[in-house]
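Geometric and topological summary
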Amino acid sequence: MLFRVDLGSPVPLGDQIAATVRGAIADGTLRPGERLPAARALADSLGVNVHTVLRGYQRLREEDLIDLRRGRGAVVTGEQPTARARLLEGVQNLVEEARALGLSDEEVLTLVRTRLAGG
Amino acid sequence: MTRAWRRAGVVALPFVLAWAAVLAVYAALRDRLPDRLATHFGPGGQADGFTGLGAFLPVVTTLLLLPGLIVAVVALRSRTALGAQRGLVAIGYGTAAMLGYAHIAMLWVNASAARAADVTFPLWHLALSLAAAGAVGWAGWLLAGRDAAPADETDEAAGPRLPLAKGEAAVWTRTVGSPVLAVLGAGTTLLGVVLAVATDTGAETALIVIGLISAALSRCRVTVDRRGLSVAPWFAPRPRLRISLGRIKEATSREARALSLGGWGYRIQPGRSALVLRSGDALFLRLVTGKEFVVTVDDAATAAALVNTLVERGGTAAGARG
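Quantities reported herein were computed from a predicted structural model and do not represent experimental measurements.

Brief notes about the overall build of chain A
Per the secondary structure count, chain A includes five helices and three strands. Start at the N end of chain A and walk to the C end: the helices and strands fall as β-α-α-α-β-β-α-α. Within chain A, the proportion of its 119 residues that are buried is 34%. Sequence-distant contacts in chain A: of pairs separated by 6 or more residues, those separated by 24 or more amount to 46%.

Quick notes on the layout of surface pockets
Considering only enclosed or pocket space, the second largest pocket measures out at about 590 Å³ in volume. In this structure, the second largest pocket is lined by 30 residues; those nearest its centre are Ala38(A), Ala41(A), Arg221(B), Ala236(B) and Pro237(B). Elements with a minimum of two residues in the lining of the second largest pocket: α2 (39-46) and β3 (73-76) of chain A together with β3 (168-177), β4 (219-225) and β5 (228-233) of chain B. The greatest single-element share of the lining of the second largest pocket, amounting to five residues, is contributed by α2(A). When its residues are assigned to classes, the lining of the second largest pocket shows 14 nonpolar, six polar and 10 charged.

A short note on a nonpolar patch on the surface
Together, Leu66(B), Leu69(B), Ile70(B), Val73(B) and Val74(B) make up a nonpolar patch on the protein surface, roughly 450 Å² of accessible area in all. Positionally, Leu69(B) belongs in helix α2 (residues 53-77).

A word on the nonpolar core
The biggest cluster of nonpolar side chains holds 30 residues, and the ones touching the most others in it are Val222(B), Val224(B), Leu229(B), Ile248(B), Leu283(B) and Leu285(B). The set of elements that each furnish at least two residues to this core consists of β3, β4, β5, β7 (248-256), β10 (280-287), β11 (292-296) and α8 (300-321) of chain B. Tallying contributions element by element places α8(B) first for this core, with eight residues. Excluding residues that lie within four positions of it along the chain, Leu285(B) makes contacts with Leu229(B), Ile243(B), Ile248(B), Glu250(B), Ala251(B), Lys291(B), Glu292(B), Phe293(B) and Val307(B). Counting 27 residues, the second largest nonpolar core, distinct from the first, contains Val5(A), Ala43(A), Val50(A) and Ala74(A).

Here we look at the sheet that holds β4(B)
The strand order across the open sheet built from five strands is β1(A)-β3(B)-β4(B)-β5(B)-β6(B), with neighbouring strands paired in antiparallel fashion. Two strands in the sheet have a free side with no partner beyond their single neighbour: β1 (2-6) of chain A together with β6 (241-244) of chain B. Adjacent strand axes in the sheet meet at a mean angle of 15°, parallel and antiparallel pairs treated alike. Pairing geometry for β4(B) and β5(B), over six bridges, is antiparallel. Counterpart to Arg221(B) in the pairing with β5(B) is Ala232(B).

A look at the sheet that holds strand β9 (residues 272-276) of chain B
Residue and element names in this part refer to chain B. Taken together, the five strands give an open sheet; going across it, the order is β7-β10-β11-β9-β8, and neighbouring strands pair in mixed fashion. A single partner strand is all that each edge strand has here, and the edge strands are β7 and β8 (265-269). Neighbour to neighbour, the strand axes of the sheet diverge by 15° on average, direction disregarded.

Concerning the interface of chain B and chain A
Chain B puts 19 residues into the contact, and the matching count from chain A is 17 residues. The interface formed by chain B and chain A contains one salt bridge. Remark: the boundary between chain B and chain A carries 11 residue pairs in polar contact (both at pLDDT 80 or more). Of all the secondary-structure elements, those providing two or more residues to the side of chain B that touches chain A are β3, β4 and α8 of chain B. Counted by class, the side of chain B that touches chain A contains nine nonpolar, four polar and six charged residues. Where β1(A) lies against β3(B), five bridges are found, and the strand directions are antiparallel. Looking across to β3(B), one finds that Val5(A) is bridged to Ala169(B).

Brief notes about the confidence of the model for chain B
Residues and elements named next belong to chain B. Of the residues in chain B, 92% have a pLDDT of 70 or more, and the chain-wide mean is 83. The weakest mean pLDDT in chain B belongs to helix α5 (residues 149-154) at 46; the strongest belongs to β11 at 91. Overall, residues 150-156 carries pLDDT values under 50, and its contacts beyond four positions in sequence, including any with other chains, amount to 13 contacts. This complex was scored by the predictor with a pTM of 0.57 and an ipTM of 0.77.

Focus on the packing of helix α1 (residues 13-26) of chain A against helix α4 (residues 81-101) of chain A
All names here are of chain A. Contact pair α1 / α4: the axes reach a minimum separation of 7 Å and the direction vectors enclose 130°. Taken together, α1 and α4 sit at an angle that is classed as oblique. In this structure, the crossing between α1 and α4 has a hand that is left-handed. Residues Arg22, Gly23, Ile25 and Ala26 of α1 lie in contact with α4, whose contacting residues are Pro81, Thr82, Ala85, Arg86, Leu88 and Glu89. Each residue belonging to the contact of α1 with α4 can be placed in one class, and the counts come to five nonpolar, two polar and three charged.

As for the side chain of Thr296(B)
Residues and elements named next belong to chain B. Within the secondary structure, Thr296 sits in strand β11. Within polar-contact distance, the side chain of Thr296 engages the backbone oxygen of Arg278 at 3.5 Å. Residues within four places of Thr296 in sequence aside, it is in contact with Val176, Leu261, Leu275, Val276, Leu277, Arg278, Asp281 and Ala282.

Structural notes on the pattern of salt bridges
With the rule as written, the count across this model stands at 14 salt bridges over all chains. Taken together, the shared-partner salt bridges in this structure form one network comprising Asp15(A), Arg22(A), Arg59(A) and Glu63(A).

Observations regarding the packing of aromatic side chains
Residues and elements named next belong to chain B. Summed over all chains, the structure comprises two aromatic pairs over all chains. Ring centres 5.6 Å apart and planes at 15° place the aromatic pair Tyr26 and Phe56 in the stacked group. With a gap of 30 residues between them, Tyr26 in helix α1 (residues 2-29) and Phe56 in helix α2 connect regions that are remote in the sequence. Pair check on accessibility: Tyr26 and Phe56 agree, each one buried. Ring geometry for Phe41 versus Phe121: centroids 4.9 Å apart, planes at 25°, classification stacked. A residue pair is termed long-range when its members are at least 10 positions apart, and Phe41 in strand β1 (residues 36-41) and Phe121 in the loop between α3 (86-112) and α4 (124-145) qualify at 80 residues. Judged by its relative accessible area of 13%, Phe121 is buried. Sitting over the face of the ring of Phe50, Arg36 holds its NZ or CZ atom 4.7 Å from the ring centroid.

Reading guide: rules and limits
Residues numbered from 1 in each chain as written. Chains lettered and ligands numbered in written order. Predicted model: local features only at pLDDT ≥ 70, side-chain atom pairs only at ≥ 80, totals over all residues. Heavy atoms only, no water. Helix = DSSP H or I, 4+ residues; strand = E, 2+ residues; numbered from the N terminus. Buried < 20%, exposed > 50% of the residue type's maximum accessible area, 1.4 Å probe, protein only. Contact = heavy atoms within 4.5 Å. 1 Å grid on protein atoms, 1.4 Å probe; cavity = no way out; pocket = protein on both sides within 12 Å on 5 of 7 lines; lining within 4 Å. Points joined across faces, edges and corners; volume = space filled by probe spheres on them. Nonpolar A, V, L, I, M, F, W, Y, C, P; charged D, E, K, R; others polar. Patch = residues over 30% accessible without salt bridge, like charges linked within 9 Å, V, L, I, M, F, W, Y side chains within 5 Å. Areas by Shrake-Rupley, 256 points an atom, 1.4 Å probe, with all protein chains shown as cover. Salt bridge = Lys/Arg side-chain N within 4 Å of Asp/Glu carboxyl O. Core = buried A, V, L, I, M, F, W, Y, C linked by side-chain atoms within 4.5 Å. Pairing = 2+ DSSP bridges. Axes fitted to C-alpha atoms, helices over the stretch in contact; angles between N-to-C directions. Polar contact = N/O pair within 3.5 Å; in protein donor to acceptor, adjacent residues only side chain to side chain. pLDDT = per-residue confidence, 0-100. Parallel < 35°, antiparallel > 145°, perpendicular 65-115°, else oblique. Left-handed = near helix turned anticlockwise from the far one by under 90°. Phe/Tyr/Trp six-rings, centres within 6.5 Å; stacked < 30°, edge-to-face > 60°. Lys NZ or Arg CZ within 6 Å of the ring centre and 35° of its normal.

Right under this line is the structure:
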């Protein structure tokens, strides 16, 4: 898969790395059970700090897209990661558009809650 | 095809010419040649081995035309330009010249002597034959250089590119597995274990080690980044094979059969080395030396595009600096 980070962008590098992986899972480039490159190796390749990569991986783990285990590295999880990654990308878009419109966090949550309640 | 035939002609030419020259001298001197030719000479140049005159032509024909035929067939089957194997062509030319000179000189000394037993072979003939080999070999070297490697067959359309913003860093990485090597490695290890249990030959340790190495290397991670291309086992950063960007001229991708690359594993052929884990999508790197490096990996098109982009970027960055 192709990792791309823009060193001049205001978006944190860890988030950019997470977004690349999320995108690759969503479009099927990365399949369940596939292993991500070791954080140290990826950091060397990109020329960034290893903690930056680990922050991105940690984020993906919080989103249940990957498993992080000592000694085994980062592996794409087996439970519908593709659909999950697409959903997360949708959430990301929602947040970005709401921010662009100037909505507060509370307003966004209210919108989502109303939608959920309406079925 | 015509190019392959022309190459075959070029590599076979010195052998045919040497053979024709020996034949011409033989025809000219035939009346003066003894029935038994002195064909082997001691360290002092005194004849100590003899061959019937009738055997001379078949032996010369075999010695000169057979190698000529072999190099022609090899050149016909190879797709490598002669320019990429100048050394080999030069050795062929030199060998043909030395053999041709030695046989002509031998006919000459035989024709000049009254009896075969009196024949001597002055040692300066040896020096001259080496000089002839050097001169003709040099001619072969120059001739092979005219068949330049990059100009005629690898200059296809310019390789693909991947648009990258100025401050953008990109890394392409992918693992590729080899069922063939995995099965082979497991089988070899198993055989070693069975032998270790059943016998006491000492060979089983080597089998187990080789088997484990094959199995371990049956899955590799291929990475393209700002430093170049690297291939390492999937579980550890070393041992690592690396080709730095500075050594790469251009990258392309296409389908390749394992057998057409020389088989599975790390294969070295004239003008090309290849890491072959399976048949299918493969990344081809043309190096600045004119040689080629191939690694079979999925999505090689993206890898090739990134390599070309990074090579270009490195070139302009270096140009800007100095």
